[in-house]
Amino acid sequence: MKIIEEAISKYGKILDGEIIKVDSFVNHQVNPSITNELARYFVDQFKDTRIDKVLTLETSGIPIAYAVASILDVNMVFAKKSKSKIVDEDVYSEEVRSFTRGTVSTVTVSKKYILPNENILIVDDFLAKGNAAIGLIKIIKQGGANCVGVCATIEKSFQGGRELLNAMGIKVVSGANIVAFDGNTPIFG
């Protein structure tokens, strides 16, 4: 989408030749106009698919996932990265490696919120190596539900996540696809 590519080019900062910082409009400060336009685009890509729920990983995926769920008029669930005293112990869990943070977190979703035979759309801020999406897909499968696709605000396709998901038969849609970095310039595909 042109609006995402323009925002990345204008506000994004490339770090270490692998990471793009977009905290001014995606994952620290959120631009509602961009988020809502992107959500409409994602929903349109799945217009012929029954979607019962939207799933994301806390915290940066929440704004775009909420916007998509709002348009679809379905519930949004976010997987928690840390244990809380008020979270039910009856959870699905999976270990997920964060590319950006270089850490592994055990992410959880209450078994009350992933039900058998539901069609669930994963919506997140980034798709790089695919670790978060694959972890969420495993949680969906633990609940006997179906993953109908993965949407990412920004994809870095040169890191292989799309290939892994496509090999699993998962449809992937991204707002912007970065195929490479040329110094401090993202190259879109």
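Reading the values: the criteria
- Residues numbered from 1 in each chain as written.
- Predicted model: local features only at pLDDT ≥ 70, side-chain atom pairs only at ≥ 80, totals over all residues.
- Heavy atoms only, no water.
- Core = buried A, V, L, I, M, F, W, Y, C linked by side-chain atoms within 4.5 Å.
- Buried < 20%, exposed > 50% of the residue type's maximum accessible area, 1.4 Å probe, protein only.
- Helix = DSSP H or I, 4+ residues; strand = E, 2+ residues; numbered from the N terminus.
- 1 Å grid on protein atoms, 1.4 Å probe; cavity = no way out; pocket = protein on both sides within 12 Å on 5 of 7 lines; lining within 4 Å.
- Points joined across faces, edges and corners; volume = space filled by probe spheres on them.
- Nonpolar A, V, L, I, M, F, W, Y, C, P; charged D, E, K, R; others polar.
- Pairing = 2+ DSSP bridges.
- Axes fitted to C-alpha atoms, helices over the stretch in contact; angles between N-to-C directions.

Draft legend 1. A look at the nonpolar core. In terms of nonpolar packing, the biggest core is built from 31 residues, with Ile8, Phe42, Val68, Leu121 and Val123 touching the most fellow members. Contributions of two or more residues to this core are made by helix H1 (2-11), helix H2 (23-27), helix H3 (32-45), helix H4 (62-72), strand S7 (119-127), strand S8 (146-156) and strand S9 (172-182). The next biggest cluster of nonpolar side chains, apart from the first, holds 25 residues, and it includes Ile134, Cys147, Leu165 and Ile170.

Draft legend 2. Structural view of empty space enclosed by the protein. Overall, the coordinates contain two cavities of 30 Å³ or more when judged by the stated rule. Approximately 80 Å³ is the volume attributed to the largest cavity. Lining the largest cavity are Ile4, Phe25, Val26, Val30, Ile34, Thr35, Leu38, Ser60, Pro63, Ile64 and Thr153. Only H2, H3 and H4 provide two or more residues apiece to the lining of the largest cavity. No other element matches the three residues that H3 contributes to the lining of the largest cavity. The class makeup of the residues in the lining of the largest cavity is eight nonpolar, three polar and no charged. There is about 40 Å³ of room inside the second largest cavity. Lining the second largest cavity are Ile122, Asp124, Phe126, Leu127, Ala132, Ala133, Leu136, Val150, Cys151 and Ala152. Elements that contribute at least two residues to the lining of the second largest cavity include exactly S7, helix H5 (131-142) and S8.

Draft legend 3. Local environment of the sheet that holds S9. Overall, mixed pairing links the six strands, which are arranged S4-S3-S7-S8-S9-S10 in an open sheet. Strands at the two margins of the open sheet, each flanked by one partner only, are strand S4 (75-79) and strand S10 (185-188). Ignoring strand direction, the axes of neighbouring strands in this sheet form an average angle of 30°. Strand direction decides the pairing type here: S7 and S8, joined by eight bridges, are parallel.

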